[in-house]
Amino acid sequence: MSNTPIALEQRNAALEAAFPHLIRDDSPSKSVGAATTAQAKFSKITHAVPMLSLDNAFSRDDVADFIGRARRFLGLDETAPLPLTAEPKIDGLSLSLRYEKGVLVHGATRGDGREGEDVTANARTLATVPHRLAGSGWPDVIDVRGEVYLRHADFAALNEAQAQAGLPPYANPRNAAAGSLRQLDPAITARRPLSFFAYAWGEASAAFAATQMEAVARFADWGFATNPDMVLCADTDALIAHYDSLARRRAGLGYDIDGVVYKVNDLALQARLGFVTRFPRWAIAHKFPPERAQTILEAIDIQVGRTGALTPVARLKPVTVGGVVVSNATLHNEDFIAGRAQDKATGGPVRGGKDLRPGDLVTIQRAGDVIPQIVDVDVGARSPDSVPFAFPTICPCPLQTACNRDEGEDAAVVRRCSGEFACPFQRLRHLELFVSRKAYDIDGLGPRQLQDFFDRGLVKEPADIFRLKDHRDTLLTLEGYGETSVDNLLAAIEARRQISLARFIFGLGVRHVGETTGGVLARTHGSWSAFKAAVDAAAAGRPGPDYLLLEALHGLGPKALGILLDRVAAGGLHVQADLFASTADLLPVSGLADLPAPARRALADAFPVWSDFEATVKAAAANRPGDAWIGFAAADGVGPVAADALIDFFAEPHNADAVARLLAEVTPVDAVAPKADSAVTGKTVVFTGSLEKMTRDEAKAKALSLGAKVSGSVSAKTDLVVAGPGAGSKLAKATELGIRVISEDEWLELAG
Ligand code: IVH
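The model shown is predicted, which means the values in this text are computed figures rather than measured ones.

Here is what the cut-offs are and how they apply
- The residue numbers shown here count from 1 along each chain, following its written sequence.
- Two thresholds apply to this predicted model, a pLDDT of at least 70 for residue-level local features and 80 or more for giving and counting side-chain atom pairs, whereas whole-chain, interface and lining totals are computed over all residues.
- Side-chain numbers come from the whole structure's heavy atoms, not from hydrogens or water.
- Strand pairing is assigned whenever DSSP detects at least two bridges linking the two strands.
- Helix and strand definitions follow DSSP, with helices as H or I runs of at least four residues and strands as E runs of at least two, each counted in order from the N terminus.
- Note on definitions: a residue-residue contact is assigned when non-hydrogen atoms from the two residues lie within 4.5 Å.
- Axis definition: a line fitted to C-alpha atoms, limited for helices to the stretch in contact. Angles are taken between N-to-C directions and run from 0 to 180 degrees.
- Whenever a pair of cysteine sulfur atoms sits within 2.5 Å, that pair is classed as a disulfide.
- The buried label goes to any residue with under 20% of its type's maximum accessible area, the exposed label to any with over 50%, and the partly exposed label to all in between, with areas taken from a 1.4 Å probe on protein chains only.
- Here a residue counts as near a molecule or strand whenever at least one of its heavy atoms sits within 4 Å of it.
- Throughout this description, a polar contact denotes any pair of N or O atoms lying within 3.5 Å of each other; where both atoms belong to protein, one of them has to be capable of donating a hydrogen while the other can accept it, and for residues adjacent in sequence the pair is counted only when both atoms sit in side chains.
- The Shrake-Rupley method, run with a 1.4 Å probe, gives the accessible areas here. Residue values count only the displayed protein chains as cover.
- Note on angle classes: values under 35 degrees are labelled roughly parallel, values over 145 roughly antiparallel, values of 65 to 115 roughly perpendicular, and the remainder oblique.
- Less than a right angle of anticlockwise turn of the near helix away from the far helix marks a crossing as left-handed, whereas a clockwise turn marks it as right-handed.
- Each salt bridge in this description consists of a side-chain nitrogen of Lys or Arg and a carboxyl oxygen of Asp or Glu lying within 4 Å of one another.
- Pairs were defined over the aromatic rings of Phe, Tyr and Trp, the Trp ring being its six-membered one, requiring ring centres within 6.5 Å. Orientation was assigned from the angle between planes: stacked under 30 degrees, edge-to-face over 60, tilted for the rest.
- Two conditions define a charge located above a ring, namely a distance within 6 Å from the ring centre to NZ of Lys or CZ of Arg, and an angle within 35 degrees of the ring normal.
- With the strands pointing away from the viewer, any crossover whose connection runs clockwise from the first strand over the helix to the second is right-handed.

## Considerations on the sheet that holds strand S2 (residues 56-57)
Read across the sheet, five strands follow the order S2-S13-S10-S3-S9 without closing on themselves; strand pairing throughout is mixed. A strand with exactly one partner marks an edge of an open sheet, and here the two such strands are S2 and strand S9 (231-233). Pairing of strand S10 (residues 257-264) with strand S13 (residues 283-287), which is carried by five bridges, proceeds in the antiparallel orientation. When the bridges of S13 are listed, Val 260 appears paired with His 286. Along the sheet face, helix H2 (residues 60-74) touches S2, strand S3 (84-90), S10 and S13 and points at about 175 degrees away from the line of S13. In this fold helix H8 (residues 236-249) packs onto S3, S9, S10 and S13, with an angle of close to 160 degrees to the strand it touches most, S10.

## Topic: the sheet that holds strand S8 (residues 195-204)
Strand order across the open sheet formed by four strands is S5-S4-S7-S8, with antiparallel pairing between neighbours. Edge positions in the open sheet fall to strand S5 (103-109) and S8, since each of these has one partner strand only. The average undirected angle you get between the axes of adjacent strands in this sheet is 30 degrees. Seen against the sheet, helix H5 (residues 173-181) touches strand S4 (93-100), S5 and strand S7 (141-149) and runs at an angle of roughly 40 degrees to S4. Across the sheet, helix H7 (residues 212-221) lies against S7 and S8, angled at about 115 degrees from S8, the strand it touches most.

## A look at the state of the cysteines
A complete count under the given rule lists zero disulfides for this structure. Cys 395 carries a free sulfur, and the closest cysteine sulfur to it, the one in Cys 397, is 3.6 Å from it. Overall, Cys 395 belongs to the buried group, its relative accessible area being 1%. The structure places no disulfide on Cys 417, whose sulfur is separated from the nearest cysteine sulfur, that of Cys 395, by 3.7 Å.

## So, the site of the ligand
Taken together, the residues surrounding the ligand are Ser 53, Leu 54, Glu 87, Pro 88, Lys 89, Ile 90, Ser 94, Glu 147, Tyr 199, Val 261, Lys 263 and Pro 280. Here an oxygen atom of the ligand and a side-chain polar atom of Glu 147 are 2.7 Å apart. A distance of 3.3 Å is found between a nitrogen atom of the ligand and a side-chain nitrogen or oxygen belonging to Tyr 199. Starting from 530 Å² of accessible surface for the ligand in isolation, the protein chains cover 87%. If you list the elements that add at least two residues to the shell around the ligand, you get S3 and S10. Per-element accounting of the shell around the ligand gives the leading share, four residues, to S3.

## Structural notes on the side chain of Thr 583
The topology assignment puts Thr 583 in helix H21 (residues 583-586). Judged by its relative accessible area of 0%, Thr 583 falls in the buried class. Those residues in contact with Thr 583, other than ones at most four positions away along the chain, are Leu 603, Ala 604, Phe 607, Pro 608, Val 609, Trp 610 and Phe 613.

## Thoughts on the side chain of Glu 744
With respect to the element layout, Glu 744 can be found in helix H29 (residues 744-751). Taking relative accessible area as the criterion, Glu 744 reaches 7% and is therefore assigned buried. In this structure the side chain of Glu 744 is engaged in a polar contact, spanning 2.6 Å, whose partner is the backbone nitrogen of Glu 692. Those residues within four positions of Glu 744 in sequence are excluded, and the remaining contacts are Leu 691, Glu 692, Lys 693, Met 694, Val 722 and Ala 723.

## Thoughts on the environment of Asp 470
Structurally, Asp 470 can be placed in the loop between helix H13 (462-465) and helix H14 (472-477). For Asp 470, a relative accessible area of 55% corresponds to the exposed category. Once the C-alpha coordinates of Asp 470 and Thr 695 are considered, the two residues, 225 residues apart in sequence, prove to be 40 Å apart.

## Let's talk about the packing of helix H18 (residues 528-540) against helix H24 (residues 627-634)
The interhelical angle for the contact between H18 and H24, taken along N-to-C directions, is 125 degrees, at an axis separation of 7 Å. With respect to each other, H18 and H24 are oriented oblique. At the point where H18 passes H24, the crossing takes the left-handed sense. Residues Phe 531, Ala 534, Val 535, Ala 537 and Ala 538 of H18 touch H24, and the partners they reach there are Ala 628, Trp 629 and Phe 632.

## Some points on the environment of Ala 539
Secondary-structure assignment places Ala 539 in helix H18. Given the relative accessible area of 34%, Ala 539 is considered partly exposed. When the C-alpha atoms of Ala 539 and Ala 651 are compared, they prove to be 8.7 Å apart, with 112 residues separating the residues in sequence.

## Digging into the pattern of salt bridges
Charged atoms that come close allow side chains of opposite charge to pair. Following the criterion strictly, the structure yields 41 salt bridges and no others. The closest approach of N and O atoms between Lys 618 and Glu 614, which form a salt bridge, is 3.2 Å. Placement of both Lys 618 and Glu 614 in helix H23 (residues 610-622) is noted, with a separation of four residues, approximately one turn of the helix. When salt bridges with common partners are traced through the structure, they connect Glu 334, Asp 335, Arg 340, Arg 405 and Arg 415 into a single cluster.

## Focus: the packing of aromatic side chains
Overall, the coordinates contain 27 aromatic pairs when judged by the stated rule. Measuring from ring centre to ring centre gives 6.3 Å for Phe 389 and Phe 391, while their planes differ by 90 degrees; the resulting arrangement is edge-to-face. On the accessibility criterion, Phe 389 (25% relative accessible area) is partly exposed. A relative accessible area of 12% places Phe 391 in the buried class. Three or more aromatic residues joined by ring pairs form one cluster here, namely Tyr 99, Phe 196, Trp 201, Phe 208, Phe 219, Trp 222 and Phe 224. Sitting over the face of the ring of Phe 336, Arg 351 holds its NZ or CZ atom 4.7 Å from the ring centroid.

## What about the pairing of strand S25 (residues 720-723)?
Here S25 shows a buried face lined by Leu 720 and Val 722 and a second buried face lined by Val 721 and Ala 723. Of the strand pairs in this sheet, strand S23 (residues 684-688) and S25 are connected by four bridges, and their pairing is parallel. Residue pairing across strands places Thr 688 opposite Ala 723, the latter belonging to S25. Sheet topology places S25 next to strand S26 (residues 740-742); three bridges connect them, and they run parallel. Paired with Val 721 across the two strands is Val 741, which belongs to S26. In this view, the connection linking S25 to its parallel neighbour S26 by way of helix H28 (residues 729-737) has right-handed handedness.

## Some words on unusual backbone geometry
Here His 332, not a glycine, exhibits a phi torsion of approximately 60 degrees, which is positive. Inspection of the secondary structure assignment puts His 332 in the loop between strand S16 (324-330) and helix H10 (334-338). Here His 332 falls in the partly exposed class, since its relative accessible area comes to 39%. The residue Gln 400 is not glycine, and still its phi comes out positive at about 55 degrees.

Put into structure tokens, the structure is as follows:
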């Protein structure tokens, strides 16, 4: 038997379950933060009774239909009473707590409903989760279920602490609650003020109530927090009245709710109604519509991103929407502000083409996790002297660099500052990426600290971070810094002087070169010097503008283009033509008559005049992509756009110099070359379902090191699917396409 703290704690819990009268006051199961040892990974717990989900209703009609269905199923006529409960639908995450002989033995998340994660140690740290049931009359075995959530005030305090620690904020209370409950170190969960409402149950070895109302009253007797807004309703009118009441009081409840849950009160009727696949027939969630509110658009601020993109943000007069105070909303881009962008839902212009101006009375909407949106503007309320918002054409930074409109292939309009390395905003955004989790992952150095160090001139570029140790005395004079925090920060920085090549490349902050591309480049080239040499060689073989012009012509495929340029390179255009001879006339007699008709048409349309055509194809033949460029861009996950971005990056002397200064401080560690002869070399692998012996990241890293490609979706190109429990649509697709599917164990064997 294992003697790890977790195993000992489980044994203790089992003993306490068997002999509850012997539980000692100083039992580890009683202390908040018991078993404060971090685990590597959560183990799984199979729910004795699956944790199901609820069907949704969005209108009064949906609710009436639900009740009608239940009545028909039970054979009740319209006059027979069918009382239902109505209670808030808490926007948190569900937790199942198993009590044996009144003692908490384990806690599990919902997971896929059948099997969840064992979060026992964390669940014990919640003040509202009793370690022993109070009162009496509880069944020997009972799974009490409910919702873990964070109150608004606790959420705000947590995000403040995150910011102080240089960590990113949580997007909303639900994400924060989920993140907190799923901490591998229970000591961290213990510091998070999570709350819990009990509202349901799974396995129960004996009946303990006759109605839903009574069951919840028992939970309260046993020491659980239950929701004070649960009421018993006689009919649809009463349910809707409670729904309306909660909708009105929603903002003042102090925690997020996203609807009202109705449940048939009589447990005998619940048992008869039973379940349809994923939902009970005896309950439904009546969801609130996305919350809307009117407020004043006080200002339109422009933020500058790492790649210079100007991103407009709406500054709003603070207003409560769906229980959360909103003071910012996304404005997307200049066309969205002008009312020119397309509304995806209607296909017409956004807000019916109405533009947005500072001072406007606007309607905002917040739905779930989505960033608040401005959905309407009251043009009638606008003052007569208001003028349309002029989107800046110069960067808001002190350098005031020109910002040009960049209409990407995906028709996303972005205005971009051309200042690059010179623009302080872009520098700061790059520093933020540099220290972020997927790059150098430096603890204690987040956006706040970087802004501060940047403003004081301590850190202007990545290399400066590694020279902060020379400014220890200055750091000690800064507010919020003491000996310990400064030394911790400097130690965290020192620990990164050796950095994987993949992180080093990603940390350069090159446009279009994200974490994945950084990894591919590192594995493909192995060392920094090989990578850099490959970029330089690719630069020499980069296709020129004339080639790109021809390549983009519709109707001229790669094959025809190849033939054309081969012919030209071999000196094949022997046509004497006057200046204005037409391409259409001359093509057939120029030795190019054998080009496919669509290709000839495309060329004649693009270059009506022969001399233009001749000049372009001659230039294109001279600047076709070289093998080094083709090879460099061909690696999976790199592609021509990232390849060119890297070439451009190093061609800029400021960038090359900054990289040289960084290389004086840090050493990129060579990537281990993927195996060229493993069973999966060159194969495309997809992992789906849950893995039990390793994390997804581990599995992925292993596959990559074996020379495989890892993809997130199954297609005809997939060679192998590794499917764990809970695998769904990907597994179905693989079976349909006849792709080989193996288990986790088989994968481990294959991977050696
Ligand atoms: S009852 C068999 N009551 O909503 C159904 N669920 O969409 C048992 N939820 O997974 C659930 N508040 O996490 C119930 N008062 C409430 C709830 C509630 C929130 C969540 C729960 C469930 C999800 C279903």
